[in-house]
Each structure stands twice: as C-alpha cells, then as structure tokens.
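# Inside the fold
Here's the letter readout for the chains.
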Amino acid sequence: MVAAAAGQDRPQDAAAPVGADAGDQVDLVDLVDLAASRVYVAGHTGMVGSAVWRALQAAGVGDLVGATSAELDLRDRSATAAFLDRVRPDVVVLAAARVGGIAANAARPVDFLSDNLLIQTNVLDGAHAADVHRLLFLGSSCIYPKMAPQPIVESALLTGPLEPTNEAYAIAKIAGVKLVQAYRAQYGRSWVSAMPTNLYGPGDTFDAEASHVLPALLMRLDDAARQGTPEVTVWGSGTPRREFLHVDDLASACLLLLRRYDGDAPVNVGYGDDLTIAELVDVVAHATGYRGQLRWDTTRPDGTPRKLLDSSVLAALGFSPSVDLRTGVAATLAWYRAARLDR
Ligand code: NDP
C-alpha cells in the first residue's frame with residue numbers, strides 16, 4: 001500500500017453544479033472537501049489511476065491511498081473488504097479494471113467479464129460497508145449500444161445491442177453503473193459514474209496484443225520509423241470515427257465530478273470532437289516521423305462505426321479539455337520513448 005503527501009495546490013474549477021436531469025440540480029457548495037479527505041484510488045498504477053492520483057496531489061489532497069494488484073487483488077472479496085475497513089477512505093475512485101483492446105477482448109472474454117464484475121462488486125460492497133461518502137466509478141463509452149445515435153447521450157445506455165467485439169467488458173461495466181445506481185436508490189449513497197471516451201497519455205499500455213488503437217499505432221509507427229520499415233499494415237478500413245481525450249483531462253473531469261456532481265445518470269467525459277482512424281494515423285505518422293506506406297487490412301474488424309460522446313452535462317459543470325490531440329500525441333510519444341529506453 002502507498003500513501004502520498006500533498007503536492008502543489010491548484011485553483012478549483014469554478015462552475016455551477018448540475019446533474020444530468022433537471023432534478024439533480026445541487027447547490028454551489030462542493031459536495032466534498034477533497035483536500036481534507038482520505039482518498040483511495042483503486043488502480044493507482046494504471047493510466048487513469050495514476051493521472052487521477054497526480055491531479056489529486058496537485059489539488060492538495062494529502063491523504064492518498066493506493067495498493068497494487070500484487071498487494072491487494074480486488075477480485076478477492078474478503079481481502080478487499082478488510083482493506084477498505086482498515087483504510088476507511090472518505091472518497092474512492094474506482095479506476096481498477098481489466099482493460100484491453102479488441103484483440104484481448106476477443107481472446108479472453110471470461111477475464112474481461114468475470115474479473116471486472118468481481119473487482120467492481122467487491123470495491124462497491126466494501127466501500128458501502130466502510131461507509132465511504134463519495135465514490136466515482138469509471139464506465140466507458142464502449143458500453144453504449146453499437147448503433148447509438150451520435151453524439152451519444154447518457155440516456156442511450158441499454159437502448160440497443162452492444163458492439164460484439166467488447167461485449168464481455170461492456171456487460172461487466174454496465175453492471176457497475178447499475179450497482180452504483182442501486183446503492184444510490186437503496187442506501188442513499190452519494191456515488192456517481194463517469195463514462196470516458198477513448199483515453200490516451202502517459203502510462204498507457206504499449207503492448208502488441210493488449211493496446212488500444214492509439215498506443216498501438218504510436219508503438220508500431222515509431223518502431224517502423226526507427227527501423228526504416230517500408231510498409232505498415234493497419235487493422236480495418238480507416239473509416240471509423242473515434243474521439244480521444246488526454247488522460248490528464250479525464251483526471252480533471254473526475255475531480256470536478258467528485259466535487260460537483262450527485263446525479264443518478266452516468267456523465268459522459270469526452271473531448272467533444274472526433275476524427276477518422278485514417279486521420280489519426282496521419283497525426284501519429286507525423287509525430288513519429290514515419291514516411292513509409294500504409295496498408296489497410298480490411299479483413300480485420302472495424303468495431304463501432306462512430307463513437308462520439310455528447311459531453312454537454314460535463315460542459316455545463318464547467319469542464320473543457322485542455323490538451324489537443326497533436327500536443328497530447330507528441331507528449332505520449334515522448335513518454336513511450338523514454339519508457340522504452342528505460343527497459
Ligand atoms: P490500466 O490497464 O492502465 O490500469 C488498470 C489498473 O487496474 C492497474 O492499476 C491495475 O493494477 C489495476 N488492476 C487490474 N486488475 C486488478 C486486480 N485484480 N486487483 C487490483 N488492481 C487491479 O487501465 P486504465 O487506467 O486505462 O483504465 C482504468 C479505468 O478507466 C477502467 O475502469 C477503464 O474501464 C476506464 N476507461 C479506460 C479507457 C481507456 O481508454 N484506457 C476508456 C474508458 C474508460 P496493477 O498495475 O497493480 O496490476
């Protein structure tokens with residue numbers, strides 16, 4: 001288990017609080033004084049958890065707690081309950097999950113369904129038993145129906161069939177959103193869920209099998225540029241549209257939601273704009289300096305044709321992203337290159 005001291009303070013987001021529904025309107029006072037709280041970040045070693053950890057430190061949170069999966073396997077119900085009972089956090093951010101791209105989801109649906117159900121159920125039940133005041137659960141934009149009207153509003157959840165390539169993960173995550181709502185309904189818990197779009201940034205998974213599209217492209221085109229590879233094959237047609245948000249922007253949104261949102265509906269966290277995978281490849285090729293040929297392997301699945309979130313609820317809370325894609329990709333590439341040299 002690790003604990004952290006406070007970092008440099010940062011101005012708070014000055015925004016009027018709102019919920020997803022008119023009935024969720026709350027007053028202007030923060031729902032929680034984060035700086036005075038003990039905050040447990042489940043998954044603090046991951047891309048999201050470590051960004052949330054950094055943001056909490058920057059916001060002056062002095063009592064931060066984390067545990068690696070080796071120290072605490074959140075699939076272990078009694079160990080998770082005992083940990084939460086001992087730590088007694090005021091606030092929990094649940095950023096621990098089994099996460100992966102299309103290939104990993106297709107190859108290991110049992111892991112994605114079973115592990116995520118166990119992790120989130122154990123953490124939520126343990127947090128309730130430990131009387132945790134505020135909890136933020138992280139869902140994902142990929143749990144909306146495959147053909148949801150664009151941009152996707154929060155109320156689209158459970159209105160149609162899911163994207164088959166990540167169904168196991170989506171079913172687990174939907175159960176997590178529902179369990180948060182159930183705790184709100186049955187026990188009056190002031191717990192909420194966020195629905196982030198595709199994320200990227202430092203700490204991302206750079207692995208041929210497990211990576212999401214952006215780090216997978218960064219890794220492959222950077223390696224190809226270095227090795228002078230004349231041609232790189234990219235999965236799919238390049239036509240699906242995707243939205244990408246830098247993980248530091250997500251972390252800012254998480255803090256904002258903890259402070260200001262107490263609604264039943266999950267809240268979308270997006271960049272507000274999307275681009276085609278072919279356009280993304282251009283951005284990555286430019287950043288990495290890759291000048292070779294690209295071959296589109298259209299026998300590979302494209303996934304959902306478009307995935308753009310309607311993030312107007314979050315915008316009404318005062319959020320706007322601060323990292324544009326080109327800047328964020330360049331910074332992520334620098335992080336990847338440094339991490340690769342460290343290995
Ligand atoms: P990572 O794979 O980077 O990190 C996962 C984290 O979960 C790690 O800290 C890992 O701990 C921890 N973890 C996994 N299994 C266990 C376990 N059995 N017990 C304890 N800890 C465990 O994932 P991300 O940071 O990318 O994702 C975090 C959350 O954000 C997830 O809920 C995901 O669904 C959500 N999200 C992510 C998106 C993305 O694009 N990445 C998009 C939308 C939502 P350790 O390292 O110690 O093993």
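Right above here is the structure, for reference.
Residues numbered from 1 in each chain as written. Predicted model: local features only at pLDDT ≥ 70, side-chain atom pairs only at ≥ 80, totals over all residues.

It is worth spelling out the overall build of the chain at this point. Per the secondary structure count, the chain includes ten helices and 14 strands. Computed over its C-alpha atoms, the radius of gyration of the chain comes to 20 Å, within 12% of the 20 Å expected for a compact globule of 343 residues. With the principal axes as the frame, the chain shows a C-alpha extent of 60 × 45 × 40 Å. Of all 343 residues assigned to the chain, the portion counted as buried reaches 49%. Within the chain, counting contacts between residues at least 6 apart in sequence, those at least 24 apart form 83% of the total. (Helix = DSSP H or I, 4+ residues; strand = E, 2+ residues; numbered from the N terminus. Rg over C-alpha atoms; globule rule 2.2 N^0.38 Å. Buried ≥ 20, exposed ≤ 12 C-beta atoms within 10 Å, placed from the backbone. Contact = placed C-beta atoms within 7 Å.)

Near the ligand you find 25 residues, and of these Gly43, Gly46, Val48, Ser69 and Ala97 are the closest. Residue assignment for the shell around the ligand shows that the elements contributing at least two residues are α1 (47-58) and β7 (198-200). Examining the composition of the shell around the ligand, we find that three residues originate from one element, α1, more than from any other. When the residues that make up the shell around the ligand are grouped by side-chain class, the tally is twelve nonpolar, ten polar and three charged. (Near = placed C-beta within 6 Å. Nonpolar A, V, L, I, M, F, W, Y, C, P; charged D, E, K, R; others polar.)

What follows concerns α1. For α1, with twelve residues, the first-to-last C-alpha span of 17 Å sits near the 16 Å given by 1.5 Å per residue. Taking burial as the measure, the twelve residues of α1 include nine buried ones, the bulk of the element. Turning to α1, its buried residues are Met47, Val48, Gly49, Ser50, Ala51, Val52, Trp53, Ala55 and Leu56. Positioned one or two residues after α1, glycine 60 has a phi angle of 90 degrees, which is positive. (Expected span 1.5 Å × (residues − 1).)

Turning our eyes to something else, we now look at the packing of α1 against helix α7 (residues 247-260). For the pair α1 and α7, the least separation of the axes is 8 Å and the interaxial angle reads 60 degrees. Relative to α7, the element α1 is oriented oblique. With respect to the hand of their crossing, α1 and α7 are arranged in right-handed fashion. Across the interface between the two elements, Met47, Val48, Ala51, Val52, Arg54, Ala55 and Leu56 of α1 pack against Val247, Asp248, Leu250, Ala251, Ser252, Cys254 and Leu255 of α7. Here the contact of α1 with α7 is composed, by residue class, of eleven nonpolar, one polar and two charged. (Axes fitted to C-alpha atoms, helices over the stretch in contact; angles between N-to-C directions. Parallel < 35°, antiparallel > 145°, perpendicular 65-115°, else oblique. Left-handed = near helix turned anticlockwise from the far one by under 90°.)

Here we take up unusual backbone geometry. That bond from glutamine 150 to proline 151 is cis: its omega, -10 degrees, falls within 30 degrees of zero. When you line up the elements, proline 151 lands in the loop between β5 (134-138) and α5 (167-187). In this structure, arginine 88 is a non-glycine residue whose phi angle is positive, near 50 degrees. Within the secondary structure, arginine 88 is located in the loop between α2 (77-87) and β4 (91-94). The backbone of leucine 158 shows a phi angle near 65 degrees, a positive value even though the residue is not glycine. With respect to the element layout, leucine 158 can be found in the loop between β5 and α5.

In this section: the packing of helix α4 (residues 109-129) against α5. Packing of α4 against α5 leaves a shortest axis separation of 8 Å and a crossing angle of 15 degrees. Taken together, the axes of α4 and α5 are roughly parallel relative to one another. Two packed elements cross with a definite hand, and for α4 against α5 that hand is right-handed. Contact residues: α4 offers Pro109, Phe112, Leu113, Asn116, Leu117, Gln120, Thr121, Leu124 and His128, while α5 offers Ala168, Tyr169, Ile171, Ala172, Lys173, Ala175, Gly176, Leu179, Val180, Tyr183 and Tyr187. For the contact of α4 with α5, the class distribution of residues is 14 nonpolar, five polar and one charged.

What the three strands build is an open sheet, ordered β12-β9-β14; its pairing is mixed. The open sheet has two free edges, formed respectively by β12 (275-276) and β14 (306-307), since each of these has just one partner strand. Pairing between strand β9 (residues 241-242) and β14: two bridges, direction parallel. Paired with arginine 241 across the strands is arginine 306, a residue of β14. (Pairing = 2+ DSSP bridges.)

Here the focus is the environment of histidine 133. Inspection of the secondary structure puts histidine 133 in the loop between α4 and β5. Each C-alpha atom of the pair histidine 133 and aspartate 90 lies 5.4 Å from the other, and the pair is 43 residues apart in sequence. With sequence-adjacent residues up to four places away left out, histidine 133 is seen in contact with Val32, Asp90, Val91 and Ser190.

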